[in-house]
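# Chains, contacts and geometry: an overview
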Amino acid sequence: MVSGLINANPVVYEKKERRNRTGPSDVDEDIKDPEHPYSLEELKVITEDAIEVDDQRSHVRVTFTPTVEHCSMATVIGLCLRVKLMRSLPSRYKSSLSELVKVNFFYLDIKVDIRVAPGTHATEAAVNKQLNDKERVAAALENPNLVDMVDECLAPSYA
């Protein structure tokens, strides 16, 4: 976890009982917060209702709410959501692993948007632009320290 916490005492909520689901809508499952030993769900950074899947238009949108409006980890959280989603897309979206580019937002014309909820972050427009620009995300995923942080947030939790 990160030292020098922006939000030293976040509100922690109880996890909701999960409905049986697979595919893009399970992106919120057990992603750890980069600053705290809680999941994004426990901090209500992400909720089931904030994940929209439109199969007909091949579009997935995930909207998240940082715990504070000046959260310095907003881009890391968004990157975690994007990586988790791309790793968990059902096989019907993928032709074969050899045909997939390392960081590709359009797996067989699937459009993925990761957004900060309107009015919840001081630099909302900049964060949204960064999270949805494939060159910026590709560059971020070439940074080994950032990849380690994302992998730590996405590591399975057995608590």
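Computed from a predicted structure; not experimentally measured. Positions within a chain are numbered from 1, following the residues in the order the chain's sequence is written. Note on the predicted model: pLDDT of at least 70 is required for a residue's local features to be given, and 80 or more for side-chain atom pairs to be given and counted; whole-chain, interface and lining totals, by contrast, use all residues. No hydrogens and no water enter the side-chain calculation; it runs on all heavy atoms of the structure.

Our focus in this paragraph is the pairing of strand S1 (residues 51-54). Residues in a regular strand point their side chains to alternate faces of the sheet. Should DSSP find at least two bridges between two strands, the strands are regarded as paired. Put simply, DSSP marks the helices as runs of H or I at least four residues long and the strands as runs of E at least two long, and each gets a number from the N terminus on. The pairing of S1 with strand S2 (residues 59-64) spans four bridges and is antiparallel. Looking at S2, one finds that isoleucine 51 is bridged to valine 62. Counting the residues between successive antiparallel strands, the hairpin from S1 to S2 contains four residues, one of them, serine 58, with a positive phi of roughly 55°.

With a 1.4 Å probe rolled over the protein chains alone, any residue whose accessible area is under 20% of its type maximum counts as buried; one over 50% counts as exposed, and the rest are partly exposed. Those residues of helix H2 (residues 124-131) not exposed but buried are Val127, Asn128 and Leu131. Each buried residue of H2 sits inside an arc of 100° when the element is viewed along its axis, so together they form one side. Residues Ala125 and Lys129 are exposed on H2 and point more than 90 degrees away from its buried face. The secondary structure elements touched by the buried residues of H2 are S2, helix H1 (74-88), strand S3 (111-116) and helix H3 (134-140). Directions from the helix axis toward the C-beta atoms define the arc. The contact definition used throughout considers only heavy atoms, calling two residues in contact when any of these lie within 4.5 Å.

Counting 34 residues, the largest nonpolar core has Phe64, Ile77 and Leu81 as the members making the most contacts within it. Mapped by element, the contributors of at least two residues to this core are S2, H1, S3, H2, H3 and helix H4 (144-154). Sorting elements by how many residues they give to this core places H1 first, with nine residues. When near neighbours in sequence (up to four residues on either side) are disregarded, phenylalanine 64 contacts Val45, Ile46, Ala74, Ile77, Gly78, Leu81, Ile114, Arg115, Val116, Ala117, Thr120 and Leu131. We call a set of buried residues a nonpolar core when its members are Ala, Val, Leu, Ile, Met, Phe, Trp, Tyr or Cys and they connect through side-chain atoms within 4.5 Å of each other.

When a carboxyl oxygen of Asp or Glu lies within 4 Å of a side-chain nitrogen of Lys or Arg, that pair is called a salt bridge. This model, assessed by the stated rule, comprises three salt bridges. Between aspartate 113 and arginine 61 there is a salt bridge; the shortest N-O distance is 3.6 Å. Taken together, the residues aspartate 113 in strand S3 and arginine 61 in strand S2 connect sequence positions 52 residues apart. Since its relative accessible area comes to 5%, aspartate 113 is described here as buried.

We now examine the sheet that holds S3. Overall, mixed pairing links the three strands, which are arranged S1-S2-S3 in an open sheet. Here the strands that pair on one side only, and so sit at the sheet edges, are S1 and S3. Mean inter-strand twist for the sheet, computed between neighbouring axes without regard to direction, equals 10°. Under this scheme, a helix contributes an axis fitted over its contacting stretch, all axes are lines through C-alpha atoms, and angles between N-to-C directions fall in the 0 to 180 degree range. The sheet contacts of H2 involve S2 and S3, and relative to S3 the element is tilted by about 155°.

To continue, consider the environment of glutamate 35. Structurally, the position occupied by glutamate 35 is in the segment before S1. By relative accessible area, which is 7% here, glutamate 35 ends up buried. Between the alpha carbons of glutamate 35 and serine 72 there is a distance of 9.9 Å; along the sequence they are 37 residues apart.

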